[in-house]
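Overview (structure and organization)
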Amino acid sequence: MAPRLGARQAALLLLCAGRGPGARGYSTAAEARALSMEYQDAIRTLNTLQTNASYLEQVKRERGNPQLQLEAMGGFLERSGLKVEDLDQLNIIHVTGTKGKGSTCAFAERILRNYGLKTGFYSSPHLVQVRERIRINGQPIGKELFSKYFWQVYNSLEETQDPCRASMPAYFRFLTLMAFHVFLQEKVDLAVVEVGIGGAYDCTNIIRKPIVCGISSLGIDHTSILGDTIEKIAWQKGGIFKPGVPAFTVPQPYGPLEVLKNRATEIGCPLSLCPHLDAYEDDDKAIILGLAGEHQRSNATLALQLSQTWLQRQGYRDIGEPKDLWRNCQLPAGSLLPLATVFRPSLSMLEGLQDTEWLGRTQILHRGPVSYYIDGAHTSSSVQACVRWFRRVALNEDKPTTGSVVRVLLFNATGERDTGALLKLLQPCQFDYAVFCPNISEVSSVGNADQQNFNVTLENILTRCLENQRKWNGLMEEMSDDMWMSEVQEVGHLRKHEGLRGRHLLYVPSAERLLNANSLVFPCISHALQWITQGRDPEFRHPPAKGLHQHTVAASGAVLLKEATTVQVLVTGSLHLVGGVLKLLDQSLSQ
């Protein structure tokens, strides 16, 4: 049976082949419009896979049996036209972890690209366009390539439907299949593959013979799927280990490290512990990273080990000189694992680390008086790292000699995360205003197909924003109560010390206590940024709509924001929120 093509798809194929009515007379603009229509059709069709009810039921049944899940993925792979054995050709680096796995992959991919290799890179989630998830040589595949491979895989699956089983894979599974097709047919030299969730149950774990595996820092996340303790989560992550395939991890707490060690022993995987980045540095020269934040140093160390091992197993020679292990490195106390061999990174490695870019992670955009500090942190440990980074780069900046600095938090969180705990970690940043909104760029969804999420309703996500605001206000009230008690105690001390007992000493609450509810909720990111920037961002000149927010805080805050010498905005809590912000601030990302 021939693949079924939509009218737009068929017209585009005829156009590309030089056939069809008036094909030779099409202008470049017309071809571009046809390609754009084709791409949008692909994205809309892809989005329908978000709400495959039969698949959701299947996941519930299979959750306790990873073998069933891998068999299901294997079935989809075969229906798409590939076999598991075909994936062996991709020379894969497989990486999981709770935080930092994307950054680790980005470092490793950039290093290996410096060796003249054609790289593939599969990651999630995307920030602006879904094409970002599948990259060749560091760049998202083009719309034409995306459309070509999307319809190739989709049609293969559609014409082999089985009425007795889930007929189409869900969103992430489909994109994983598509990435394998892209990398194989585009003949990449290697593929860096980031795990979606967990490891043992993840659909990327259909990979059977990676070249090397890595596990970045572990923490608590996705507890309903992975377990409610860090040890249970470590067991899931260790599921990517393969017999005889070297693996590396970064320093972890004792409990999860013991789990990883036991998993590696059971599977027959040689697992080593990465030393701190200091061990790779010369005394007189620090390694410079393209990604900011102290936490990126452990990600860089893991990337160095992954890339060097890949090069070594592929027969490359310029992979760094061995270094005296004990000169700059000590085995962590109570370590359960052997320490990975330390080496002096090659020039290609050093340049790769320095040139790495990974949008939405410790990213800074300066736009006139408005500065955006953007980090998609969404777990307790990653938010703590974000706070350390923000306090270092933003709070320590030189204060203007005249005028004021207004500091704003733009926050959202998704899923089952404890937003109260995350918001509490953000309190030390001393925000003047906290703004909450859904991960929706515009109220109108037109042109936002890449960022549509059909798994949640608008009512649910707005309710979540209001709940986040309530939690923030409660935390601020607690903080001001603590300040109030502290000031009352200080007044009491003054009365006693200065002999004022019996007199009526008036206590006036601090300004912080009076202004503890400076928080707002907006229906979309665009409205939130319009209020925060007040037209002062040269690249985001949308004037605030009249009546954008009727709350008194919005009116008083607008005055302060317009008059401020500097406006500092921290965007965090969700990579999807970060993507929506970047879409509005940098139009080139949508091209």
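Okay, so let's go over this structure. (Residues numbered from 1 in each chain as written. Predicted model: local features only at pLDDT ≥ 70, side-chain atom pairs only at ≥ 80, totals over all residues. Heavy atoms only, no water.)

Turning to the sheet that holds strand 5 (residues 190–194), a few remarks are in order. Strand pairing in a sheet is mediated by backbone hydrogen bonds. Such pairs are either parallel or antiparallel. Judged by pairing direction, the sheet is mixed, and its eight strands sit side by side in the order 4-3-2-5-1-6-7-8 without closing on themselves. Because the sheet does not close on itself, it has two edges, and the strands there are strand 4 (139–140) and strand 8 (271–273). Judged from the three bridges that link them, strand 6 (residues 212–215) and strand 7 (residues 247–249) form a sheet pairing that is parallel. Along strand 7, the bridge assignment pairs Ile215 with Thr249. Against the sheet, helix 10 (residues 254–267) makes contact with strand 6, strand 7 and strand 8, and its axis sits at roughly 150 degrees relative to strand 8, the strand it touches most. (Pairing = 2+ DSSP bridges. Helix = DSSP H or I, 4+ residues; strand = E, 2+ residues; numbered from the N terminus. Contact = heavy atoms within 4.5 Å. Axes fitted to C-alpha atoms, helices over the stretch in contact; angles between N-to-C directions.)

Spatially, six strands are ordered 11-12-16-13-14-15 in an open sheet, and the strand pairing comes out mixed. Here the strands that pair on one side only, and so sit at the sheet edges, are strand 11 (363–367) and strand 15 (519–521). Adjacent strand axes in the sheet meet at a mean angle of 20 degrees when their direction is disregarded. As paired strands, strand 12 (residues 370–374) and strand 16 (residues 566–572) are joined by five bridges and run parallel to one another. Of the residues in strand 16, the one forming a bridge with Ser371 is Gln568. The sheet contacts of helix 15 (residues 419–426) involve strand 13 (405–411), strand 14 (433–436) and strand 16, and relative to strand 13 the element is tilted by about 160 degrees. On top of the sheet, helix 19 (residues 552–563) reaches strand 13, strand 14, strand 15 and strand 16; it is set at about 120 degrees to strand 14, its chief contact.

With that settled, consider the environment of Leu561. By secondary structure assignment, the location of Leu561 is in helix 19. Using a relative accessible area of 0% as the deciding quantity, one classes Leu561 as buried. Separated by 157 residues in sequence, Leu561 and Ser404 place their C-alpha atoms 9.2 Å apart. Setting aside residues no more than four positions away along its own chain, Leu561 makes contact with Val406, Val408, Trp531, Ile532, Gln534, Arg536 and Val567. (Buried < 20%, exposed > 50% of the residue type's maximum accessible area, 1.4 Å probe, protein only.)

Let's shift gears to the pairing of strand 13. Burial analysis of strand 13 places six of its seven residues in the buried class, the great majority of the element. Bridge count for strand 13 against strand 16 is seven bridges, and the pairing is parallel. Bridging across to strand 16, Val406 finds its partner in Val567. In this sheet, strand 14 lies alongside strand 13 in parallel orientation, the contact comprising four bridges. The residue bridging Leu410 from the neighbouring strand is Val435, located in strand 14. What joins strand 13 to strand 14 is helix 15, and the crossover it makes is right-handed. (Right-handed = clockwise from strand over helix to strand, strands pointing away.)

The next subject is the packing of aromatic side chains. Aromatic ring pairs are defined here through the distance separating the ring centres and the angle between the ring planes. Scanning the entire structure with this criterion turns up 19 aromatic pairs. For the pair Tyr433 and Trp531, a centre-to-centre distance of 5.6 Å together with 80 degrees between the ring planes defines the contact as edge-to-face. One end of the pair, Tyr433, is in strand 14; the other, Trp531, is in helix 18 (residues 525–533), and 98 residues separate them in sequence. The buried category is assigned to Tyr433, whose relative accessible area is 4%. Taking the relative accessible area as the measure of exposure, Trp531 reaches 4% and is therefore buried. A connected cluster of aromatic rings, assembled from ring pairs, spans Tyr39, Phe146, Phe150, Trp151, Tyr154 and Phe174. Directly above the ring of Trp235 sits Arg263, whose terminal nitrogen or CZ lies 3.7 Å from the centroid. (Phe/Tyr/Trp six-rings, centres within 6.5 Å; stacked < 30°, edge-to-face > 60°. Lys NZ or Arg CZ within 6 Å of the ring centre and 35° of its normal.)

Bringing the pairing of strand 2 (residues 119–122) into the picture now. Side-chain direction in a regular strand flips from residue to residue, so the side chains alternate between the two faces of the sheet. Side chains of strand 2 alternate between two faces, with Thr119 and Phe121 and Gly120 and Tyr122 buried alike. Of the strand pairs in this sheet, strand 2 and strand 5 are connected by four bridges, and their pairing is parallel. Bridge pairing in strand 5 places Gly120 opposite Ala191.

Attention now moves to unusual backbone geometry. Most of the time, phi is negative for any residue but glycine, and the peptide bond is trans. At the junction of Ser124 and Pro125, the peptide bond is cis and its omega measures out at -10 degrees in the coordinates. Of note in the backbone geometry, Thr362 takes a positive phi value of approximately 40 degrees without being a glycine. Within the secondary structure, Thr362 sits in the loop between helix 13 (347–355) and strand 11.

So, on to the packing of helix 9 (residues 230–237) against helix 10. Contact geometry of helix 9 with helix 10 gives a least axis separation of 8 Å together with a crossing angle of 30 degrees. If you check the angle between helix 9 and helix 10, you find them roughly parallel. Crossing angle aside, the handedness with which helix 9 passes helix 10 is right-handed. Residue-level inspection shows Ile230, Glu231, Ala234 and Trp235 of helix 9 in contact with helix 10, the latter providing Gly255, Pro256, Val259, Leu260 and Arg263. (Parallel < 35°, antiparallel > 145°, perpendicular 65-115°, else oblique. Left-handed = near helix turned anticlockwise from the far one by under 90°.)

A word on the pattern of salt bridges. For the coordinates displayed, the defined rule picks out 12 salt bridges. Here Glu109 makes a salt bridge to Arg113, at a shortest N to O gap of 2.8 Å. Of this pair, Glu109 and Arg113 both sit in helix 5 (residues 101–113), four residues apart, which is roughly one turn of that helix. In this structure, Arg470 engages Glu467 in a salt bridge whose closest nitrogen and oxygen atoms are separated by 2.5 Å. (Salt bridge = Lys/Arg side-chain N within 4 Å of Asp/Glu carboxyl O.)

Quick look at the nonpolar core now. Residues Leu46, Leu90, Phe146, Phe150, Phe174, Met178 and Phe183 are the most contacted members of the largest nonpolar core, which totals 42 residues. Within the residue set of this core, elements represented by two or more residues are helix 2 (28–47), helix 4 (66–79), strand 3 (134–136), helix 6 (143–158), helix 7 (171–185) and strand 5. Looking at this core, the element that brings in the most residues is helix 7, giving 11 residues. The contact partners of Leu46, leaving out residues within four places of it in the chain, are Val130, Phe146, Phe150, Tyr171, Phe174 and Leu175. (Core = buried A, V, L, I, M, F, W, Y, C linked by side-chain atoms within 4.5 Å.)

Inspection of helix 9 places Ile230, Ile233, Ala234, Gln236 and Lys237 among the buried residues, and these make up the whole buried set. For helix 9, the angular spread of the buried residues around the axis is 160 degrees, confining them to a single face. (Arc of directions from axis to C-beta.)

So, on to the packing of helix 18 against helix 20 (residues 575–585). Between helix 18 and helix 20, the least distance of the axes is 10 Å, while the angle of their chain directions is 65 degrees. Seen along the crossing, helix 18 lies across helix 20 with a hand that is right-handed. Along the contact surface, helix 18 presents Ile525, Ser526 and Leu529, while helix 20 presents Leu577, Gly580, Val581, Leu584 and Leu585. Of the residues in the contact of helix 18 with helix 20, the class split is six nonpolar, two polar and no charged. (Nonpolar A, V, L, I, M, F, W, Y, C, P; charged D, E, K, R; others polar.)

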